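# Descriptive analysis of the structure
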Amino acid sequence: MKPSPLAPPRPTKLNLVPGSVTKNYQHILALAFAVKELNENPSFLPNISLGFYILNSYNLGRMTFKATLSLLSAQQKLVPNFSCDNRQKVIAVIGGLLSEITAHMASILNIYKTPQLTHGSFSLAEDDKQRFSSIYRMVPGETYQYRGVIHLLHHFGWTWIGLLTMDNDNGNRFLQKIVPILSENSICFAFIHKLPMLTYMDEVAKLIVIQAEWYPVLMDRKTNVFYVYGEPPAIMALRLTLYLAPFILLPPLGKVWIVTSHWDFGSFSVQRIVDTESLHGALSFTVHSNQPPGFQEFLQSIRPSWAGGDGFIQNFWEQAFSCFLNPEQEGIKTICSGEEKLESLPGTMFEMHMTGHSYNVYNAVYAVAHSLHYIHTHGSKCRRLVKDRRQDVLNMQPWQLHNFLRRILFNNSAGETIQFDQDGELVTVFDVTNWVTFSNGSFARIKVGRLDPLTTPDKQLTLNDVPIVWHRSFNQVLPISVCNDPCQPGYSKTKMEGKKFCCYNCTRCSEGMISEQKDMDVCVKCPADHYPSKGHNECIPKVTSYLSYKETLGIILVLMAASFSLVTLFVLVTFLKYKDTPIVKANNRSLTYILLISLLLCFLNTLLFIGKPGEVTCLLRQTTFGIIFSVSLSSMLAKTITVVVAFVATRPGSRIRNWVGQKMAYSIVLSGSFIQILLCTVWLSTCPPFPDRDMHSLPGEIILECKEGSAIMFYSVLGYLGFLAIVSFTVAFLSRKLPDSFNEAKFITFSLLVFCSVWFSFVPTYLSSKGKSMVAVEIFSILSSSAGLLSCIFSPKCYIILLRPDMNSREQLLRKV
């Protein structure tokens, strides 16, 4: 661009040739439209007209250097560092579309510090920033696109993709960057293929020869997604390859193509016959675009004679409409009328909506113009030397524009904010575009999302799946691109030796482990209050379990305890009623009452074991059981010793007579019980029992139980009961042969034999039981042992009292003495 009236191209201008991409002519028209708008705006750069030169590089380094040098030379001579025409001075350059062309231009322009605004993608390495310090990029860096592709692949669950890139240094740099990024995000590539850069049409023959070698790789049925990094020449080579495949008996491809912002659906003029079916449903991160007001009307007004200085219009028109404007040439069959409509062209040849690259050209023109306008309107503040503000702009040097371009901030005619960041990169977004093709060579762009580099990483990509159209081979079903079928819930991934990490076997989760989602790396344990389902694919909440009054087992045990308690109460009432009868008086009534009451409490004590465990019930369960049973056993021991002492005391001259009486019996009961009370007191004061939740003993259940607190104290209490029982059994066994009428020792012996049998079998049964069964075992042991004592000791006496009152007499008791 230059601050001068619109000028025709130099005599050395380079025109379109057969094989040019006619679609790129819109870039020229976008430039002309922007300059036209600015020059027609009276409030913008008054008394100054903007002009421009447009030169073709032919995508060749040699021609790019020549075109760039011609901009910096005299008007009709290629003499660098020399220019006679100060009125037509180049102040900034817009270009190029390809990274290689941009770099070639920058290598010269950077010497003169001439601002260069690139309308195509151009990636800068850290060490290149100084080398290309004069570049302003209208397309954000490729790193953002890499992130967007990763988000896109994760969104659709594609982990097995093919990589296609250009066969040049840019393609190699791309692979160096993208391969680690893919690995870090659990994505693998099935293959890497490098696309040739199709610059000349005579390279097509070579392309046909080599395509048979690599085309079968693309046909892999597992790889349904291809990520393509390629500039237009490489993409054109790919399209031509896909088109020619059927001619050498290769099947058409139905894949998902993910393409970077370099790509556009452009074709060489001779490629109009190439259909676009293979690329139907492609997704691309396209350069963001908008529609400036009046642009479509401007395009509709374009005719071959629209501007005298347009050296491209004739070749464009002839190639786009397949006709000739010069009727004097021999052999011409089709003559252009000059009234052809641009809107009638297919999208691969020309688009009526402003494309992303054209939009960048439009914004680049306005960025330079706004910088010049600021200098023009604030000349006295910006420069010190010139009197005339108009001369201030005309006499400025290109390098002086940088300070204003870096700080530029304005809204364009489409209402969008234009500004550069600290690295000279335009602050903008990418559009996620779904390309829908038609049989007539036209296509439709469907915007299905956007990639915003300025937001947080998790929100950079926004996507709407609903309008996306997939390739027809997928029948509008979401394509799958994975190395193997995903592991279903209940399975985890296992690495396959010699394969990439995306290829794996599926292994069933082990016992106690689950996987709730597909493709989980490892199975996990359920929370403590859950347990795995049979399919190992979900965690099921565990059911709380305890011996309840409402369940069958609890009801049975309650009925048993109540029945035995009533029987005991009946026996106690009977003994109280017949307390003065000889059989009641013969064996120490007080001990009998104590024994019966303790047995009654033993039966009632079992009710503490039923129901939801609480702090109070846990404290009382074992301690109450231990103390009451120690009273019962101490009472039987006292009874047995009393019988022995009473029998021995009847011998003449026996000194033991002084021991006979209630005091000895009470002393035995109290001393035997006191030791147990002491043990229980120590237990409760050190490690008392407490309510607990056992989540591991039984699958699917949370056992509400009372923890003993101290296993040593618990087994000490049981051990002391065992000691009392063995001592009582020993004494009773040794005194079993005393005269029957005075002796109930043999009944006590048998009852203690039952008692010991129950509790000796209790310990292993108790230790092998879990949950409510453990509680039921202890309750049953208490009930059965207490019932054994009750029945073996008191059933004979009740039989005599109630059914044989004739035997309840003193004479009967003294008969065998």
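Here the structure is shown first, and the text comes after it.
Everything numeric here is computed off the predicted structure, so don't read it as measured data. (Residues numbered from 1 in each chain as written. Predicted model: local features only at pLDDT ≥ 70, side-chain atom pairs only at ≥ 80, totals over all residues. Heavy atoms only, no water.)

Taken in spatial order, the three strands line up as β1-β2-β3 in an open sheet, and their pairing is parallel. Two strands in the sheet have a free side with no partner beyond their single neighbour: β1 (93-94) and β3 (135-137). Both strand β2 (residues 116-118) and β3 contribute to a ladder of three bridges, which runs parallel. Looking at the pairing, glutamine 116 lines up with isoleucine 135 of β3. Sheet strands touched by helix α3 (residues 99-109): β1, β2 and β3. Its angle to β2, the strand with the most contacts, is close to 170 degrees. (Pairing = 2+ DSSP bridges. Helix = DSSP H or I, 4+ residues; strand = E, 2+ residues; numbered from the N terminus. Contact = heavy atoms within 4.5 Å. Axes fitted to C-alpha atoms, helices over the stretch in contact; angles between N-to-C directions.)

So, about the pairing of strand β8 (residues 282-287). For β8, a buried count of six out of six residues is recorded, marking the element as mostly surrounded by other parts of the structure. Of the strand pairs in this sheet, strand β7 (residues 256-259) and β8 are connected by two bridges, and their pairing is parallel. By the bridge assignment, valine 259 is partnered in β8 with serine 284. Pairing geometry for β8 and strand β11 (residues 430-437), over six bridges, is antiparallel. Across the sheet, valine 287 pairs through a bridge with phenylalanine 430, a residue of β11. (Buried < 20%, exposed > 50% of the residue type's maximum accessible area, 1.4 Å probe, protein only.)

The N-to-C vectors of helix α16 (residues 589-605) and helix α21 (residues 772-803) enclose an angle of 155 degrees; their axes lie 9 Å apart at closest approach. Viewed along their axes, α16 and α21 adopt a mutual orientation that is roughly antiparallel. The interaxial crossing formed by α16 with α21 has left-handed handedness. Between α16 and α21, the contacting residues are Thr592, Leu595, Leu596, Leu599, Cys602, Phe603 and Asn605 on the first element and Ile782, Leu783, Ser786, Ala787, Leu789, Leu790, Ile793 and Phe794 on the second. (Parallel < 35°, antiparallel > 145°, perpendicular 65-115°, else oblique. Left-handed = near helix turned anticlockwise from the far one by under 90°.)

Okay, α16 next. With 17 residues, α16 should cover 24 Å at 1.5 Å per step; its first-to-last C-alpha distance of 24 Å lies within 8% of that length. Residues of α16 that are buried: Leu591, Thr592, Tyr593, Leu595, Leu596, Ser598, Leu599, Leu600, Cys602, Phe603 and Asn605. (Expected span 1.5 Å × (residues − 1).)

Time to look at the side chain of glutamate 142. Along the polypeptide, glutamate 142 turns up in helix α4 (residues 142-156). Separated by 2.7 Å, the side chains of glutamate 142 and tyrosine 229 make a polar contact. (Polar contact = N/O pair within 3.5 Å; in protein donor to acceptor, adjacent residues only side chain to side chain.)

Once that is clear, we can look at the pairing of strand β4 (residues 160-166). Among the seven residues that make up β4, seven are buried, leaving the element largely enclosed by the rest of the structure. Here seven bridges tie β4 to strand β5 (residues 188-195), and the two strands are oriented parallel to one another. Bridging across to β5, methionine 166 finds its partner in leucine 195. Read as a crossover between parallel neighbours, the route from β4 over helix α5 (residues 169-184) to β5 is right-handed. (Right-handed = clockwise from strand over helix to strand, strands pointing away.)

On the basis of which strands lie adjacent, the open sheet formed by three strands has the order β20-β22-β21 and mixed pairing. Two strands close off the open sheet at either side, each with one partner strand: β20 (543-545) and β21 (690-694). Averaged over neighbouring strand pairs, the angle between their axes works out to 25 degrees when direction is ignored. Looking at chain direction, β21 and strand β22 (residues 701-707) are connected through five bridges and run antiparallel. Bridged to aspartate 694 within β22 is isoleucine 703.

A complete count under the given rule lists three cavities of 30 Å³ or more for this structure. Here the largest cavity defines a volume of roughly 70 Å³. For the largest cavity, the lining is made up of 14 residues, of which Tyr546, Leu547, Pro613, Leu704 and Val775 are closest to its centre. Broken down by secondary-structure element, the contributors of at least two residues to the lining of the largest cavity are β22 and α21. With four residues, the top contributor of residues to the lining of the largest cavity is β22. Looking at the lining of the largest cavity residue by residue, the class counts come to eight nonpolar, three polar and three charged. Its volume calculated, the second largest cavity comes out at about 60 Å³. Lining the second largest cavity are Ser261, Trp263, Asp264, Thr286, Val287, Thr355, Gly356, His357 and Arg445. Listing elements by their share of the lining of the second largest cavity, those giving two or more residues are β8 and α10 (356-377). Taken together, the residues of the lining of the second largest cavity sort by class into two nonpolar, five polar and two charged. (1 Å grid on protein atoms, 1.4 Å probe; cavity = no way out; pocket = protein on both sides within 12 Å on 5 of 7 lines; lining within 4 Å. Points joined across faces, edges and corners; volume = space filled by probe spheres on them. Nonpolar A, V, L, I, M, F, W, Y, C, P; charged D, E, K, R; others polar.)

Glancing now at the state of the cysteines. Considering all chains together, one arrives at seven disulfides under this definition. Disulfide pairing is shown between cysteine 483 and cysteine 503; the S-S distance is 1.8 Å. Disulfide cysteine 483 to cysteine 503: torsion about the S-S bond roughly 95 degrees, handedness right-handed. Of the two residues, cysteine 483 sits in the loop between β13 (461-463) and β14 (491-495) while cysteine 503 sits in the loop between β14 and β15 (504-508), which places them 20 residues apart along the sequence. Note on accessibility: cysteine 483 and cysteine 503 belong to one class, buried. Between the sulfur atoms of cysteine 618 and its disulfide mate cysteine 706 the distance is 1.9 Å. Between cysteine 618 and cysteine 706, the S-S dihedral sits near -75 degrees, and the bridge is therefore left-handed. Note that cysteine 618 is positioned in helix α17 (residues 615-649) and cysteine 706 in strand β22, a separation of 88 residues in sequence. (Disulfide = S-S within 2.5 Å.)

Turning next to the nonpolar core. Leu117, Phe316, Leu342, Phe350, Leu372 and Leu401 are the most contacted members of the largest nonpolar core, which totals 60 residues. Looking at this core, the elements with two or more residues in it are α1 (25-39), α8 (295-300), α9 (313-321), α10 and α13 (402-405). With eleven residues, α10 is the largest single contributor of residues to this core. When residues no more than four places from it in sequence are discounted, the contact partners of phenylalanine 350 are Thr22, Lys23, Tyr25, Gln26, Leu29, Leu299, Phe316, Leu342 and Leu345. Counting 55 residues, the second largest nonpolar core, distinct from the first, contains Ile161, Leu164, Leu253 and Ile468. (Core = buried A, V, L, I, M, F, W, Y, C linked by side-chain atoms within 4.5 Å.)

None of this, on its own, says anything about what the molecule does.
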